[in-house]
Amino acid sequence: MTNSEQRENALTRTPIPLWLSLWAQVNRWGERLLGTFWLFRYFSSPFPGVLAHHFGPNLFQDHGNAFRQATVDRGEPTSNYFRTSGISACADANGGICSFRLNGQIAIYQNRNTPLMSDKVLTPSTNPVTGLFGDFVGTLPNDHPLRPGKRAAVERSLGNLNFVARIEPAVRKHAVDYLKSTVSQEIALDDFALFLVAHVDSFVPGILDFTQTPLTTYLASTEYSRVTRDFIEIASEAIGKVNPMAMSNFETIVPFVRQVLTDNFEALEAAPDSNLIRRHFALWERSLTIPEINNLDSAKLKELGSIIIATYETTSLSLLWAIAFLETSPTIKARVVTEARCGSNQEKLSLIDKVVLEALRLGGSNPTALWRCTTAPFVLHHQGRSVIIPQDTMMWLDRRQANCDPLIFPNPNQFDLANIDAILKSNRENFNTILAGNRYDINSFSMINSHGNPRKCPGRIFSVRMQSLLLSELYSRYEVSAQGIDLCLKHYKTMPRPAQPGTIVIKPLVE
Ligand code: HEM
């Protein structure tokens with residue numbers, strides 16, 4: 001029996017008072033029978049005595065309408081709704097968890113980074129947007145026979161410290177090539193980060209190998225700029241704001257992928273085996289030829305599209321936050337400049353590595369709050385009590401607030417490297433240990449916290465190391481200045497973006 005199964009069993013035995021279980025069951029039957037009867041709904045708390053419940057904004061409604069008005073109509077970040085509605089205060093007063101109802105559905109809200117359940121009782125992460133992602137690994141149930149191979153296609157290289165160490169010189173070289181081309185130009189900081197990452201991802205051998213027509217070409221094109229820039233945003237809005245309307249007209253991913261593969265065909269043919277596209281063709285037992293590319297169905301093209309976009313999009317948004325925080329934190333920037341130019345004594349986790357982690361914590365690049373639905377009942381243990389959570393419950397994690405947990409971080413709402421020092425268990429920690437499957441201090445690579453999340457992003461090691469290398473090249477070789485950055489969260493975006501990204505100018509150091 002695994003540790004988590006033992007824990008699950010032990011906790012399952014925690015007694016629930018009989019009258020509470022019965023009352024909860026009566027409530028749920030009542031709700032089914034009298035779903036629209038407001039009085040019953042108002043007075044029924046789904047998990048009495050175990051979880052506090054936050055009722056809707058008035059006697060007649062649950063949170064559904066107010067949530068939609070705030071997040072979709074007024075474009076507020078989802079985490080803001082939880083704060084302004086009082087749901088997060090209710091959770092704060094009750095150990096970080098409470099329940100609420102959204103359009104009649106029972107939902108559990110969490111604003112702390114602790115795992116609540118096994119991943120086995122949750123829907124696949126991208127369930128509400130399966131149509132966008134095709135055969136992408138994130139759409140498959142945990143026990144699907146194709147999941148291990150698909151995950152390995154990414155994880156064997158991008159999740160492997162040795163592989164990532166081997167490509168470091170190439171990352172640095174291509175970063176320098178790109179940075180040179182931007183010298184003395186005033187560039188919007190979000191475009192700067194996006195094009196830098198997309199350039200490096202296109203040219204580093206063994207990742208995408210789009211060296212004939214790099215991703216930057218499509219990002220700048222009229223035809224594909226929307227899909228290549230907004231794909232993740234659209235998926236995030238459909239999930240994070242429970243807004244399926246966001247998904248319309250996004251089939252351009254299909255011609256985009258066919259085009260990028262055809263334009264880069266010779267480069268892909270000659271690419272190392274670790275290349276993500278080649279790995280997928282091998283998984284499908286297809287040879288990489290032009291006729292096979294033309295024969296790929298839309299589910300496979302969307303699968304590749306999701307992988308291609310995942311490679312640069314989220315990394316570039318994280319990098320945008322890192323530069324934005326540094327450019328508005330002069331003391332930390334000065335320390336970074338010194339480390340980048342003079343080197344660091346620390347072997348495992350450098351100051352720049354800590355900057356990347358701290359930017360992920362406070363900014364990051366997945367929505368401020370996300371949810372997954374339960375596929376089976378499970379026992380939730382909370383503050384010494386237990387309750388059975390039924391199937392079809394929405395499990396929400398408010399990532400933004402969980403990442404600012406004052407019980408973990410000494411200066412939770414500020415960009416401060418002391419927040420990272422506070423989670424280090426020893427001076428031997430590195431990216432691998434801090435971002436391991438059983439570490440939950442910072443949420444950025446899991447949708448919600450499940451025990452040892454088997455879906456935790458397989459590209460995370462590559463992504464954080466790459467950001468660290470890009471910052472090191474940028475601040476070691478150039479005088480960097482930026483202006484007009486507003487670090488508040490932008491409205492009408494579900495991915496967390498600065499309200500104003502500002503602009504950046506880089507000038508070579510005078511020798
Ligand atoms: C800062 C950068 C990144 C962030 C914040 C991020 C975030 C995430 C998140 C939140 C998930 C969902 C995990 C879950 O279901 O609980 C995920 C899954 C995934 N990510 Fe990333 N990601 C990043 C970079 C990358 C990169 C560079 C790749 C490379 C291809 C990648 C590929 C994937 C894949 C394939 C999955 C699906 C994993 C599965 O279902 O098992 N990601 N990522």
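Fair warning: this is a prediction, and the values are worked out from it, not measured in the lab. (Residues numbered from 1 in each chain as written. Predicted model: local features only at pLDDT ≥ 70, side-chain atom pairs only at ≥ 80, totals over all residues. Heavy atoms only, no water.)

Draft legend 1. Examining the site of the ligand more closely. Taken together, 27 residues sit near the ligand, with Ser125, Arg147, Arg151, Met447 and Cys457 positioned nearest. Residue arginine 151 places a side-chain N or O atom 2.7 Å away from an oxygen atom belonging to the ligand. Within the backbone of methionine 447, one N or O atom sits 2.8 Å away from an oxygen atom of the ligand. Here the ligand is seated within the largest cavity. Elements with a minimum of two residues in the shell around the ligand: helix H8 (147-158), helix H18 (298-327) and helix H24 (460-477). A total of six residues in the shell around the ligand trace back to one element, the largest contributor, which is H18. Among the residues forming the shell around the ligand, the class breakdown is 11 nonpolar, 13 polar and three charged. (Near = heavy atom within 4 Å. Polar contact = N/O pair within 3.5 Å; in protein donor to acceptor, adjacent residues only side chain to side chain. 1 Å grid on protein atoms, 1.4 Å probe; cavity = no way out; pocket = protein on both sides within 12 Å on 5 of 7 lines; lining within 4 Å. Sits in = over half its atoms within 2 Å of the grid points. Helix = DSSP H or I, 4+ residues; strand = E, 2+ residues; numbered from the N terminus. Nonpolar A, V, L, I, M, F, W, Y, C, P; charged D, E, K, R; others polar.)

Draft legend 2. Expanded view of the coordination of the iron atom of the ligand. For the iron atom of the ligand, the sole protein-derived donor is Cys457 (SG), lying 2.3 Å away. Of note, cysteine 457 is situated in the loop between helix H23 (431-434) and H24. (Donors = N, O, S within 2.8 Å, 3.2 Å for Na, K, Ca; no water.)

Draft legend 3. Representation of the confidence of the model for the protein within the structure. The share of residues in the protein with pLDDT of 70 or more is 90%, and the mean pLDDT across the chain is 90. For the stretch residues 1-16, pLDDT sits under 50, and the model shows 17 contacts to residues farther than four places along the chain or on other chains. Low pLDDT (under 50) marks residues 34-39, which in the prediction has six contacts with non-local residues, meaning those over four places away or in another chain. (pLDDT = per-residue confidence, 0-100. Contact = heavy atoms within 4.5 Å.)

Draft legend 4. Layout of the packing of H18 against H24. Where H18 meets H24, the axes come as close as 10 Å, and the angle between the chain directions of the two elements is 45°. Relative to H24, the element H18 lies oblique. In this structure, H18 crosses over H24, and the sense of that crossing is right-handed. Taking contact as the criterion, the partners of Thr311, Thr315, Ser318, Leu319, Ala322, Ile323, Leu326 and Glu327 in H18 are, on H24, Phe462, Ser463, Gln467, Leu470, Leu471, Leu474 and Tyr475. Taken together, the residues of the contact of H18 with H24 break down into nine nonpolar, five polar and one charged. (Axes fitted to C-alpha atoms, helices over the stretch in contact; angles between N-to-C directions. Parallel < 35°, antiparallel > 145°, perpendicular 65-115°, else oblique. Left-handed = near helix turned anticlockwise from the far one by under 90°.)

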